[in-house]
Amino acid sequence: MASSNSYKLRCSIPGHEMDVRGLAATVFPEGAFVSVSRDRTGRVWVPNSSSDKGFTEMHCMSGHSNFVSCVCIIAPSETYPRGLVATGGNDNNICVFSLDRPQPIFTLKGHKNTGHEDCVRGLAVISNTEFFSCSNDASIRKWLVTGECVQVYYSHTNYIYSLAVFPNSQGFTGEDRSLRIWRQGECSQTIRLPAQSVWCCCILPNGDIVVGASDGIIRVFTEAEDRMASAEDLQAFEDELSKATIDPKTGDLGDIKLEDLPGREHLNEPGNRDGQTRLIKDGQKVEAYQWSVSDGRWMKIGDVVGGSNQQTSKSVMYEGKEYDYVFSIDVNEGGPSMKLPYNVTDDPWLTAHNFLQKNDLSPMFLDQVANFIIENTKGHVVGPAQPAGGDPFTGGARYIPGSSSDTAGLGADPFTGAGRYIPGSGPNPGAPVGVADPFTGGGAYSSSALRQTTNIYFPKTDGVTFEQANSSQIIAKLKELNGGAPQEHKLSEEVLESLERLLLSVCGLNSSEPAPTIQQINLLWKASHWPEDIVFPVLDIMRLAVRHPQVNESLCGEAEGVQLCNHLLNLMRPEGRPANQMLALRTLCNCFSGRHGRALLMAQRETVLSRAADLATVCNKNIHIALATLVLNYAGCLHHQPDLEAKAQCLSVASRALETVQDKEAVFRLLVALGTTVASDQTAQDLARSLGVSSQISKYSSVSDPSKVGECCQLLLKELQ
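Residues numbered from 1 in each chain as written. Predicted model: local features only at pLDDT ≥ 70, side-chain atom pairs only at ≥ 80, totals over all residues. Heavy atoms only, no water.

### Topic: the overall build of the chain
Here is step 1 of the chain: Along the chain, the regular secondary structure elements total 19 helices and 28 strands.
Here is step 2 of the chain: Looking at the chain residue by residue over its 721 residues, the buried ones come to 54%.
Here is step 3 of the chain: The contacts of the chain with a sequence gap of at least 6 include a subset with a gap of at least 24, amounting to 54%.
Here is step 4 of the chain: As displayed, the chain has an accessible area near 30900 Å², and 49% of this comes from carbon and sulfur atoms. (Helix = DSSP H or I, 4+ residues; strand = E, 2+ residues; numbered from the N terminus. Buried < 20%, exposed > 50% of the residue type's maximum accessible area, 1.4 Å probe, protein only. Contact = heavy atoms within 4.5 Å. Areas by Shrake-Rupley, 256 points an atom, 1.4 Å probe, with all protein chains shown as cover.)

### Here we look at the state of the cysteines
Here is step 1 of the chain: Within this structure, the stated rule accounts for zero disulfides.
Here is step 2 of the chain: This cysteine, Cys 591, is not joined by any disulfide, and Cys 556 carries the nearest cysteine sulfur, 3.8 Å off. (Disulfide = S-S within 2.5 Å.)

### Topic: the pattern of salt bridges
Side chains that carry opposite charge are capable of pairing whenever their charged atoms lie near each other.
Here is step 1 of the chain: All chains considered together, the criterion is met by 21 salt bridges.
Here is step 2 of the chain: Two residues, Arg 656 and Asp 614, come together in a salt bridge whose shortest N-O distance is 3.2 Å. In this pair, Arg 656 is assigned in helix H15 (residues 644–658) and Asp 614 in the loop between helix H13 (605–613) and helix H14 (621–638), connecting sequence segments 42 residues apart.
Here is step 3 of the chain: In this structure Asp 614 comes out as partly exposed when scored by relative accessible area, which is 27%.
Here is step 4 of the chain: Salt bridges linked by common partners bring Arg 10, Asp 208 and Arg 227 together as one network. (Salt bridge = Lys/Arg side-chain N within 4 Å of Asp/Glu carboxyl O.)

### Here we look at unusual backbone geometry
Here is step 1 of the chain: Following Phe 458, the chain continues into Pro 459 via a peptide bond in cis, with omega recorded as 5°.
Here is step 2 of the chain: The peptide bond linking Asp 705 to Pro 706 adopts the cis configuration, its omega dihedral lying at 0°.
Here is step 3 of the chain: Backbone geometry places Arg 40, a non-glycine residue, at a positive phi of 75°.
Here is step 4 of the chain: One non-glycine residue, Ser 680, adopts positive backbone phi at about 60°.
Here is step 5 of the chain: Here Ser 680 lies in the loop between helix H16 (664–678) and helix H17 (682–690).

### As for the pairing of strand S23 (residues 285–292)
Here is step 1 of the chain: By the criterion of burial, S23 is predominantly enclosed, with seven of the eight residues buried.
Here is step 2 of the chain: Relative to S23, strand S22 (residues 277–282) is paired through six bridges, and the arrangement is antiparallel. Bridging across to S23, Ile 280 finds its partner in Glu 287.
Here is step 3 of the chain: Between the end of S22 and the start of S23, which pair antiparallel, lie two residues, with Gly 283 showing a positive phi angle near 70°. (Pairing = 2+ DSSP bridges.)

Laid out in structure tokens, this is it:
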């Protein structure tokens, strides 16, 4: 019979689509709790009847534009008799919800945390005079409210993201890859979980512990025998744990030398303490076991991967396959490692690309991850090394949505590292001799005086588009995703061939390819409604296609244009996928290349700019540059029009974006948009002054890298004097 002070699994709740990042027990309803997740939602869970050990979702809350990382409960009051739920997100906002509506009743902007020797990740109140904190420095500290640290606890071996206090305040829990239960200053129990990251925990009034992990599963552990899972479920949990993989670099396994490890006979000796870890050699494998005091036996907690003796040819098992290496990569907000399997015959760029896609990480990490692989497999690379920025599919420039294999200069992509795309790139016949064109970067200023007196930045009235493309890679990605698409969404070979011909035609890569047909355009429109997790290569084709006069007319005409606009705006909603948001913005920018597109976007200006402005809070420089370009294109179209209301919206959106945008290229385009809006229009200048634009942008006047930011800002300030 299990000991009364030993926790066992009660139930598993597969409720969220992504990592669970925060948990908190509620005051009402009794026994309920709230979870928050990277899927940008918060959910309230209530216990089922006494005969059912599970929980049911009672309420779902959404309001963050990025993932939600923490949650706390505000006690009931006369105004809010059921209490409030406050959530903090990676969008820098705090949302306050009632249990009566899914949208927040308050949104608080701008919040930062400090403390410890590294990031403070969690706080828990002990009493009205004491509290705990946990940190990336792997410590838990007990503080007085006067600021004095009275005790430091060490047992965790990696980042600690969450802790919670037991109802009797006699112990607390924290987590790394484990849940550790402390009583009176000592770690009394260690519970390992079969997940790469254990993000959060909370304690219910009855003493049960709720844990949220990176696999999207919430697990509840209990000391009460009548609430423990069945013997079959407990065995299933232990089996799942035994199949996990463990990185020795997490800190609690030490240096691993296969030849020095004992065999299974070592498991006949009892452990010295609960949670003690022991490594066992089984042939060429290394297995990790943990001592359970309550069960009086060693429990397998996983296979060790990534050690020096594990990196021999085909020696590491991961997810049922053999690899030469299984690396640990730290790219997730300073969080625990994610596993990256690799064989020496693999392309490091393709491996890095697949790793980022699998873990929903930004493509901006591609170089970092690929170079990590190359650096750590020196001497074991088969074939020639890929050049920097190499493509995972062809060996050329890599595919990132909207990117190019072209050289830097005209149309070079600002996001791929192959060169910087600057608005209006191309010869500027109006530029004085010897003065560098700010949009091509060519030439050089002949004197500082000429630089200061010549405005070559605004007004910018010709549309800025995203021309860059690598057609072969877009099609390769489209076919790859189509191969894994659900059967009801699979595209036929004929459709794929039509889309490929359309892409070649609009990119002008095949002079023999006829102009796009209505059938091809209709197929593109239909394919653009693919599931949002795989639609991005189709959006990339649409981005390029709308530049073609025939496609521009077909998709942006009076009848179809509103449908296109609504579809792109739906993809741009704040909770959408960043790649889709970026490509939808770029497609709108490219619509300005044709008269039908310009007419459509001017007619839909208020709605389009309002939705686009919401994306300024998304932490993604690709999105910010596309947003700035869209505002610039609107400003260019409005320059010769006496539409003060429209210009006011451009000023407002650009000003609002400058509050959060950090990327200098995006800042530059927003400054050009502001300059274009106010140039030669005294009323617009007065409006900009009333909005405080001068004081807002003055900080950019001294920027020298790149110099165009500072120069454009100085000219804009002069315009507003």
